[in-house]
Amino acid sequence: MSRSRKPSHLHAATDRRLTAYAMAATAAGVSVFAASAPANAEVVFTPVHITFNSGVVYIDLNHDGINDFALSIYNFDRGDRRLAASGLRRNGVLGYIGSSYPPIAAKLGYRIGRGESFWNREAPAVNVADTFGSYIGGPFANAGLRFFGLGFKIDGEVHFGWAAVVAQARGHRGSAPRIEVTLLGYAYETEAGKSILAGDIGTAKDEENSDVGPMAGGLGHLALGWRSSPPHDDGNE
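Residues numbered from 1 in each chain as written. Predicted model: local features only at pLDDT ≥ 70, side-chain atom pairs only at ≥ 80, totals over all residues. Heavy atoms only, no water.

Q: Before we go on, may I ask you to explain the overall build of the protein in this structure?
A: Counting secondary structure elements, the protein contains two helices and 14 strands. With 237 residues in all, the protein has 52% of them scored as buried. Sequence-distant contacts, at least 24 apart, represent 63% of the contacts inside the protein between residues at least 6 apart. With the model as given, the accessible surface of the protein reaches about 11000 Å², and the carbon-plus-sulfur share is 50%. (Helix = DSSP H or I, 4+ residues; strand = E, 2+ residues; numbered from the N terminus. Buried < 20%, exposed > 50% of the residue type's maximum accessible area, 1.4 Å probe, protein only. Contact = heavy atoms within 4.5 Å. Areas by Shrake-Rupley, 256 points an atom, 1.4 Å probe, with all protein chains shown as cover.)

Q: Please clarify how the pairing of strand β3 (residues 69-77) should be interpreted in this entry.
A: Strand residues, when the strand is regular, have side chains that alternate between the two faces of the sheet. Bridging between strand β2 (residues 55-59) and β3 involves five bridges; their strand directions are antiparallel. Bridged to Ile 59 within β3 is Phe 69. By the bridge criterion, eight bridges tie β3 to strand β4 (residues 80-87) in an arrangement that is antiparallel. Bridging from a neighbouring strand, Asn 75 pairs with Arg 81 of β4. If you look at the hairpin formed by β3 and β4, you'll find two residues sitting between the two strands, and Gly 79 has a positive phi there, around 85 degrees. (Pairing = 2+ DSSP bridges.)

Q: I'm lost on the nonpolar core in this one. Help?
A: Within soluble globular proteins, side chains that are nonpolar tend to cluster in buried spots. Among the nonpolar cores identified, the biggest contains 31 residues, and Val 126, Phe 148 and Leu 183 are the most heavily contacted of them. Elements supplying a minimum of two residues to this core: β1 (43-52), β2, β3, β4, β9 (123-129), β11 (145-154), β12 (157-170) and β13 (178-189). Ignoring sequence-local partners within four residues, the contact set of Leu 183 consists of Val 48, His 49, Ile 50, Val 57, Ile 59, Leu 71, Ala 163, Ala 164 and Val 165. Counting residues in hydrophobic clusters, the runner-up holds 19 residues, among them Leu 108, Trp 162, Val 166 and Ala 198. (Core = buried A, V, L, I, M, F, W, Y, C linked by side-chain atoms within 4.5 Å.)

Q: Would you mind going over the confidence of the model for the protein with me for this structure?
A: Keep in mind that low pLDDT regions are not for reading the predicted coordinates in detail. Mean pLDDT over the protein stands at 74; residues scoring 70 or higher make up 63%. Every residue in residues 1-11 is under pLDDT 50, and counting partners more than four places away or in other chains gives 36 contacts. (pLDDT = per-residue confidence, 0-100.)

Q: Sorry if this is basic, but what is going on with the pattern of salt bridges here?
A: Per the stated rule, a full pass over the model turns up four salt bridges. In this structure, Glu 191 and Lys 194 form a salt bridge, with 4.0 Å as the shortest nitrogen-oxygen distance. With relative accessibility at 18%, the residue Lys 194 sits in the buried group. When salt bridges that share partners are traced, they join Glu 42, Glu 191 and Lys 194 into one network. (Salt bridge = Lys/Arg side-chain N within 4 Å of Asp/Glu carboxyl O.)

Q: Just checking my understanding: could you explain the side chain of Thr 46 for this structure?
A: Structurally, the position occupied by Thr 46 is in strand β1. A polar side-chain atom of Thr 46 sits 2.6 Å from a polar atom in the side chain of His 63. Not counting the four nearest positions on each side in its chain, Thr 46 is found in contact with His 63, Gly 185 and Tyr 186. (Polar contact = N/O pair within 3.5 Å; in protein donor to acceptor, adjacent residues only side chain to side chain.)

Q: Can you help me understand the sheet that holds strand β10 (residues 135-137) in this one?
A: To summarise the sheet geometry, strands pair through backbone hydrogen bonds and adopt either a parallel or an antiparallel arrangement. Taken in spatial order, the five strands of this open sheet run β2-β3-β4-β9-β10, and their pairing is antiparallel. A strand with exactly one partner marks an edge of an open sheet, and here the two such strands are β2 and β10. Ignoring which end each strand starts from, the neighbouring axes of this sheet average 15 degrees apart. (Axes fitted to C-alpha atoms, helices over the stretch in contact; angles between N-to-C directions.)

Q: I tried to follow the pairing of β11 on my own but got confused; where do I start?
A: Across the 10 residues of β11, nine count as buried, placing the element largely inside the fold. One ladder, built from two bridges, connects strand β5 (residues 92-96) with β11; its direction is antiparallel. Pairing of Gly 92 across the sheet is with Gly 151, part of β11. Where β11 and β12 come together, 10 bridges link them in antiparallel fashion. Across the sheet, the residue bridging to Lys 153 is Val 158, located in β12. Where β11 hands over to β12, the hairpin turn is made up of two residues, of which Asp 155 adopts a positive phi near 55 degrees.

Q: Can you help me understand the environment of Ile 154 in this one?
A: Along the polypeptide, Ile 154 turns up in strand β11. Through-space distance from the C-alpha of Ile 154 to that of Asp 64 is 9.8 Å; in sequence the pair is 90 residues apart. Setting aside chain neighbours within four positions, we find Ile 154 in contact with Asn 62, His 159 and Tyr 188.

This is the structure in structure tokens:
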């Protein structure tokens, strides 16, 4: 499938602030997403705070008791470590046209929906290799707050969602590579076929409108437990 629209992104300064919020909240053990969407909202949001450095974390987007996606950290070779996202059954993770490698590390406000490519096979998001010297790669590695775009089916109809993570990777020659990931929350759009903005917890007024200011403000305040003082921004890109 080809892209039908360009992604909607926040201003770079705002995105940097929210990444800083996410990193600070992760270090403090505080969920960036501290409140769920209203019961009558079209976006169903689940706040979590799960940090792991090995094994598998499953995501059940619509809480029907069936896992929809999996995040896994494992060794793919001696001395090499990987974070991968997988769609279970026929569900898919947002990737590039023609390839699931690597998955798209969506920023806050990225529009996830029709016209994008969703891949059912494993999508490596972070690689740390020590086989031929120290190497850290993958779009989610040390990138701050980023989102996996998700496409899954409910009663045979496609719905879109996201999962927010902060992935930290370390690798030094002679030492074991390490990946630590914090899953901060996930959400999906209840209307089949309707796009969702990465990070929308039910506060974006209209996902067809590129102005996602209300959503961004909500996440920023939630990140630090409703503290209102943002980190200093020097205005540089």
